[in-house]
Protein chains: 2
Amino acid sequence: MPPSPARLIKFGPFTVTSQVFHTTPHTFALVNLKPLLPGHILVCPLTQHKFLTDLSPPELSDLFLTVTRVQRTLKRLYGAPAFNIAVQDGAESGQSVPHVHVHVIPRKAGDGGEGDKVHEWLEGEEGDVGGHLRERDGGAGAGSQRGKGEWAKDEDRKPRSMEEMEAEAGWLRGEMEKDAGGEGRL
Amino acid sequence: MPPSPARLIKFGPFTVTSQVFHTTPHTFALVNLKPLLPGHILVCPLTQHKFLTDLSPPELSDLFLTVTRVQRTLKRLYGAPAFNIAVQDGAESGQSVPHVHVHVIPRKAGDGGEGDKVHEWLEGEEGDVGGHLRERDGGAGAGSQRGKGEWAKDEDRKPRSMEEMEAEAGWLRGEMEKDAGGEGRL
């Protein structure tokens, strides 16, 4: 098993190759710089489409089949009986990177995300994946370009190190492969 | 064009046939009793699956292809450049009817849903489709079975009448048919 995919993978303008833990012919899944809850990952088309309606039927089908494959593995690893699945499809709905990304967020009772929390985080600065990646890459444009959410716990959390993310991606890559034999169940 | 689909369609325990404006071999789309924003609709598998991972690949593909078909028509009708697409996949993530439903919410600048609002509504009582339908059907179990959201404007709004929903469903059914010639573009 290689430590990371050989192919260079871009999420919008950002190179995220070493954060990627699963690829298919049309789709990749990556770990987050600042997950809202443990196991919060993103699933994207390999081609940088801005809107869901820009995807071809094979790309769209593969995207959501990949979401469900990832859900199976995350359910097992995190003991999560539920998930929030969310797409901010365009800037006016909070999309911060102009590249389709499906948020997959494991949920369980007592996880602190009850009621309005997860989606408040998603809409606020906590969920601003673009701001986080710009911050990581430093330089001009770093920091959020969106308004601050009411639940701005964001400043209390540091972006995870590349080593930490690569370790998580490697772990998830192995666990996804263990579950690959189960794809016939799908 | 018949005024409503001939087939009886159930959303969880609720009969919603006359609210349905589009069907495919595996999927139906229905108007909401209390839309969070204009054009807020739901897309569901015809078979009552609880979780996304319960859908077969053809059902899953058809579900999200239908989401994008509905998005095209809603974009044209509501002038919406963006959408929130959300699935509460299990009770612990806020699912109030144990039947997969994809929320499709048109968004545009100045629609009042900026920042955290849409998802706060979705998570709070405003978005409790189960509570709304139980309320509509009256009797035991009416009213929300979930906690009250912070943005509980819900009591200020009355459920829409069946006549109003049927009129919207009929309108959307006709508009979807106008766009059907464009499916080859997908």
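These numbers come from a predicted model, not from an experiment. (Residues numbered from 1 in each chain as written. Chains lettered and ligands numbered in written order. Predicted model: local features only at pLDDT ≥ 70, side-chain atom pairs only at ≥ 80, totals over all residues. Heavy atoms only, no water.)

Moving on, we come to the overall build of chain A. Helix and strand counts for chain A come out as four helices and seven strands. Split into buried and exposed, the 186 residues of chain A put 59% on the buried side. Sequence separation of 24 or more characterises 63% of the internal contacts of chain A that already satisfy a separation of 6 or more. Taken as a whole, chain A presents about 7200 Å² of accessible surface, with 55% of it coming from carbon and sulfur. (Helix = DSSP H or I, 4+ residues; strand = E, 2+ residues; numbered from the N terminus. Buried < 20%, exposed > 50% of the residue type's maximum accessible area, 1.4 Å probe, protein only. Contact = heavy atoms within 4.5 Å. Areas by Shrake-Rupley, 256 points an atom, 1.4 Å probe, with all protein chains shown as cover.)

What follows covers the pairing of strand E5 (residues 41-45) of chain B. Strand residues, when the strand is regular, have side chains that alternate between the two faces of the sheet. All names here are of chain B. The element E5 is extensively covered by neighbouring structure, given that five of its five residues are classed as buried. Neither face of E5 is open: one carries Ile-41, Val-43 and Pro-45, the other Leu-42 and Cys-44, and all of them are buried. Pairing between strand E4 (residues 27-31) and E5: five bridges, direction antiparallel. Bridge pairing links Ala-29 to Val-43 in E5. Where E5 lies against strand E7 (residues 102-107), three bridges are found, and the strand directions are antiparallel. Directly across from Ile-41, in E7, lies its bridge partner Val-104. (Pairing = 2+ DSSP bridges.)

By the definition in use, this model includes three aromatic pairs over all chains. Ring centres 6.1 Å apart and planes at 80 degrees place the aromatic pair Tyr78(B) and Trp171(B) in the edge-to-face group. Here Tyr78(B), found in helix H1 (residues 57-78), pairs with Trp171(B), found in helix H4 (residues 162-179); they are 93 residues apart in sequence, far enough to count as distant. Residue Trp171(B) is classed as partly exposed on the basis of its relative accessible area, which comes to 37%. The ring of Phe51(B) carries Lys75(A) above its face, with NZ or CZ at 5.6 Å from the centroid. (Phe/Tyr/Trp six-rings, centres within 6.5 Å; stacked < 30°, edge-to-face > 60°. Lys NZ or Arg CZ within 6 Å of the ring centre and 35° of its normal.)

Residue and element names in this part refer to chain B. Direction vectors running N to C along H1 and H4 enclose 105 degrees, while the axes themselves pass 10 Å from each other. Considering their axes alone, H1 and H4 lie roughly perpendicular with respect to each other. Taking contact as the criterion, the partners of Arg-69, Val-70, Arg-72, Thr-73, Leu-74, Arg-76, Leu-77 and Tyr-78 in H1 are, on H4, Glu-168, Trp-171, Leu-172, Glu-175, Met-176, Lys-178 and Asp-179. The residue inventory of the contact of H1 with H4, partitioned by class, reads seven nonpolar, one polar and seven charged. (Axes fitted to C-alpha atoms, helices over the stretch in contact; angles between N-to-C directions. Parallel < 35°, antiparallel > 145°, perpendicular 65-115°, else oblique. Nonpolar A, V, L, I, M, F, W, Y, C, P; charged D, E, K, R; others polar.)

Attention now goes to the pattern of salt bridges. Residue and element names in this part refer to chain A. A complete count under the given rule lists ten salt bridges over all chains for this structure. Here Asp-179 makes a salt bridge to Arg-76, at a shortest N to O gap of 3.3 Å. Of this pair, Asp-179 sits in helix H4 (residues 162-179) while Arg-76 sits in helix H1 (residues 57-78), placing them 103 residues apart in sequence. Through salt bridges with shared partners, a single network forms among Arg-76, Glu-175, Lys-178 and Asp-179. (Salt bridge = Lys/Arg side-chain N within 4 Å of Asp/Glu carboxyl O.)

Once that is clear, we can look at the UniProt feature "binding site: substrate" (unreviewed entry) in chain A. Residues and elements named next belong to chain A. Taking the numbering used here, the UniProt-annotated feature "binding site: substrate" (unreviewed entry) corresponds to Asn-32, Gln-88, Gly-94, Gln-95, Ser-96, Val-97 and His-103. Set against the largest cavity, the annotated residues named above that line it are Asn-32. Among the secondary structure elements, Val-97 is positioned in the loop between strand E6 (82-89) and strand E7 (102-107). Since its relative accessible area comes to 1%, Val-97 is described here as buried. With near-sequence residues (within four places) excluded, Val-97 lies in contact with Phe-11, Gly-12, Pro-13, Phe-14, Val-129 and Gly-130. By the element assignment, His-103 lies in strand E7. (UniProt positions renumbered as here; feature names shortened; annotations may be inferred. 1 Å grid on protein atoms, 1.4 Å probe; cavity = no way out; pocket = protein on both sides within 12 Å on 5 of 7 lines; lining within 4 Å.)

A word on empty space enclosed by the protein. Residues and elements named next belong to chain A. Throughout the structure, instances matching the rule amount to four cavities of 30 Å³ or more. Of the voids in this model, the largest cavity is the one considered here, and its volume is about 90 Å³. Considering every element that reaches the lining of the largest cavity, the biggest residue donor is helix H3 (residues 129-137), with three residues. Partitioning the lining of the largest cavity into residue classes produces eight nonpolar, five polar and two charged. (Points joined across faces, edges and corners; volume = space filled by probe spheres on them.)

Looking now at H1(A). Residue and element names in this part refer to chain A. Its 22 residues place the ends of H1 31 Å apart at the C-alpha level, agreeing with the 32 Å of an ideal helix rising 1.5 Å per residue. Burial analysis of H1 places 17 of its 22 residues in the buried class, which makes it a mostly covered element. Remark: Gly-79 follows H1 within two positions and exhibits a positive phi of approximately 60 degrees. (Expected span 1.5 Å × (residues − 1).)

Confidence in the prediction of chain A, expressed as mean pLDDT, is 83, and 77% of residues score 70 or more. Confidence over residues 139-153 of chain A falls short of pLDDT 50; this stretch has 32 contacts with residues more than four positions distant or in other chains. (pLDDT = per-residue confidence, 0-100.)

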